[in-house]
Amino acid sequence: MAAPMGRAWGGRSHVVGGGSDSVRAAGSCPSVRLKNFKMTGREFLELDSPQQRLILERFKRMEIIQKMFNELPKADQNLCNHGKYFLAANSSLCGLAANNFFRSILHVRKATVVSAIPMAVIPFLSTAAIYEAFVYDPLFSGQLNCEVCAVIRGGLVGAVVGGFYPIFLAIPLNGSLAARYMSTPLPGKENLLRYWLTTSQPVFRKMGLGILVQALTGLYLATKQHGIYIKMLLQMNSSRDPEELPE
């Protein structure tokens, strides 16, 4: 009885040994290792790619900038965080002024509140969102280092979005109100463009000062915020260890 049991155990051990040998053989096979490596995730294969390193460096830079931003004086933080709302509030005022001018020209006396709400809200939200997307975020994420580019962007956002856009927004709104309440006879489609060009000319002349103020406000905000960004970079460079600086 001992011999069969011994053979059985020996056979079992041989099977187990063969299994381990097969596992070792599979582990030593390059194709199997590559397959198992691919199964763990494609990102490990591309960890050392230039794109991955660029993204990692960008995130590290953004973390450092955010840390330095939190150490700035409250006045600088408030200017960066809430400056766009000042520009957006002026845009709302431009929208309300343009709305009143068109209502006076078209003799619209009804729906005062209904026409005032979108003319105050839409320019405010649009100006704040576009300024943050085109000036603030690129500047404080390290993607906009050129001072001239930042200032031009700020001035364009202030003039175009904060000044001209509310005027163009008021045209279809008050035109629909004039057609609905029949306060002023409107021309046909063939003369519609010429009519609105003629009607809008006095509004643009009256709103010229507001557009100029918006452009100057955008220029001022972009200039101050770029100066704060440069101050953060100088503090960042001065806080580095001498061993980390290139020789």
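Anyway, here's the lowdown on the structure attached to this text. Bear in mind the structure is a predicted one, so any value in this text is a computation, not a measurement. (Residues numbered from 1 in each chain as written. Predicted model: local features only at pLDDT ≥ 70, side-chain atom pairs only at ≥ 80, totals over all residues. Heavy atoms only, no water.)

**Some points on the overall build of the protein**
In terms of regular secondary structure, the protein is built from nine helices and zero strands. Along the protein, helices and strands appear, N-terminal first, in the series α-α-α-α-α-α-α-α-α. Across the protein, every contact between residues at least 6 apart in sequence was considered, and the portion connecting residues at least 24 apart equals 81%. (Helix = DSSP H or I, 4+ residues; strand = E, 2+ residues; numbered from the N terminus. Contact = heavy atoms within 4.5 Å.)

**What to know about helix α6 (residues 112-140)**
Residues three or four positions apart in an α-helix share a direction because the helix packs 3.6 residues into each turn. Taking 1.5 Å as the rise per residue, α6 with 29 residues should run 42 Å; its terminal C-alpha atoms sit 41 Å apart, in good agreement. At E132, α6 is bent by approximately 45°, the largest bend along its length. Of the residues making up α6, those classed as buried are S115, M119, P123, S126, T127, A128, Y131, V135, Y136, P138, L139 and F140. The positive-phi residue at the C-terminal boundary of α6 is G142, with phi of around 85°. (Expected span 1.5 Å × (residues − 1). Bend = angle between axes of the 7 residues up to and from the residue. Buried < 20%, exposed > 50% of the residue type's maximum accessible area, 1.4 Å probe, protein only.)

**A look at the nonpolar core**
By size, the foremost hydrophobic cluster in this structure holds 18 residues, and its most contacted members are F102 and I167. In terms of residue count, helix α7 (residues 147-181) provides more of this core than any other element does, six residues in total. One finds M68, L72, M232 and L233 within the second-largest nonpolar core, a separate group that totals 13 residues. (Core = buried A, V, L, I, M, F, W, Y, C linked by side-chain atoms within 4.5 Å.)

**Observations concerning the packing of aromatic side chains**
Tallying each qualifying case throughout the model produces seven aromatic pairs. Taking the centre distance of 6.5 Å and the plane angle of 65° together, the rings of F102 and W196 count as edge-to-face. Residue F102 is found in helix α5 (residues 74-106), and its partner W196 is found in helix α8 (residues 192-206); the two are separated by 94 residues along the sequence. Aromatic pair Y136 and F140: ring centres 4.9 Å apart, planes at 40°, arrangement tilted. Of the two residues, Y136 and F140 both sit in helix α6, four residues apart, roughly one turn of that helix. The class of F140 is buried, set by a relative accessible area of 11%. (Phe/Tyr/Trp six-rings, centres within 6.5 Å; stacked < 30°, edge-to-face > 60°.)

**Looking at the packing of α5 against α7**
With their axes 8 Å apart at the nearest point, α5 and α7 run at an angle of 35° to one another. Crossing geometry of α5 relative to α7 is assigned as right-handed. Looking at the contact of α5 with α7 residue by residue, the class counts come to 14 nonpolar, seven polar and one charged. (Axes fitted to C-alpha atoms, helices over the stretch in contact; angles between N-to-C directions. Left-handed = near helix turned anticlockwise from the far one by under 90°. Nonpolar A, V, L, I, M, F, W, Y, C, P; charged D, E, K, R; others polar.)

**Structural notes on the packing of α7 against α8**
Where α7 meets α8, the axes come as close as 11 Å, and the angle between the chain directions of the two elements is 135°. Taken as axis vectors, α7 and α8 run oblique relative to one another. As for the relative orientation of α7 and α8, their crossing is right-handed in sense. Note on element contacts: α8 touches α7 through W196, S200, V203 and F204, opposite F164, I167, F168, I171 and G175. Split into classes, the residues belonging to the contact of α7 with α8 amount to seven nonpolar, two polar and no charged. (Parallel < 35°, antiparallel > 145°, perpendicular 65-115°, else oblique.)

**What about a nonpolar patch on the surface?**
A surface patch of nonpolar side chains, amounting to about 520 Å² of accessible area, comprises V113, I117, V121, I122, L125 and Y165. For the nonpolar patch, the element with the highest residue contribution is α6, accounting for five residues. Mapped onto the elements, Y165 comes out in helix α7. (Patch = residues over 30% accessible without salt bridge, like charges linked within 9 Å, V, L, I, M, F, W, Y side chains within 5 Å. Areas by Shrake-Rupley, 256 points an atom, 1.4 Å probe, with all protein chains shown as cover. Salt bridge = Lys/Arg side-chain N within 4 Å of Asp/Glu carboxyl O.)

**So, the side chain of K84**
With respect to the secondary-structure elements, K84 resides in helix α5. Classification of K84 as buried rests on a relative accessible area of 9%. For K84, the contacting residues outside a window of four places in its chain are A128, Y131, E132 and L221.

**A few points about the side chain of N99**
Of note, N99 is situated in helix α5. Residue class for N99 comes out buried when judged on its relative accessible area of 2%. Engagement of the side chain of N99 in a polar contact is seen with the side chain of N174, the distance being 3.1 Å. If sequence neighbours within four positions are ignored, N99 has contacts with S115, A116, M119, A170, L173 and N174. (Polar contact = N/O pair within 3.5 Å; in protein donor to acceptor, adjacent residues only side chain to side chain.)

**Quick look at unusual backbone geometry**
The backbone of H107 shows a phi angle near 60°, a positive value even though the residue is not glycine. Within the fold, H107 resides in the loop between α5 and α6. Phi at A111 is positive, roughly 55°, even though this residue is not glycine. Looking at the element boundaries, A111 is found in the loop between α5 and α6.

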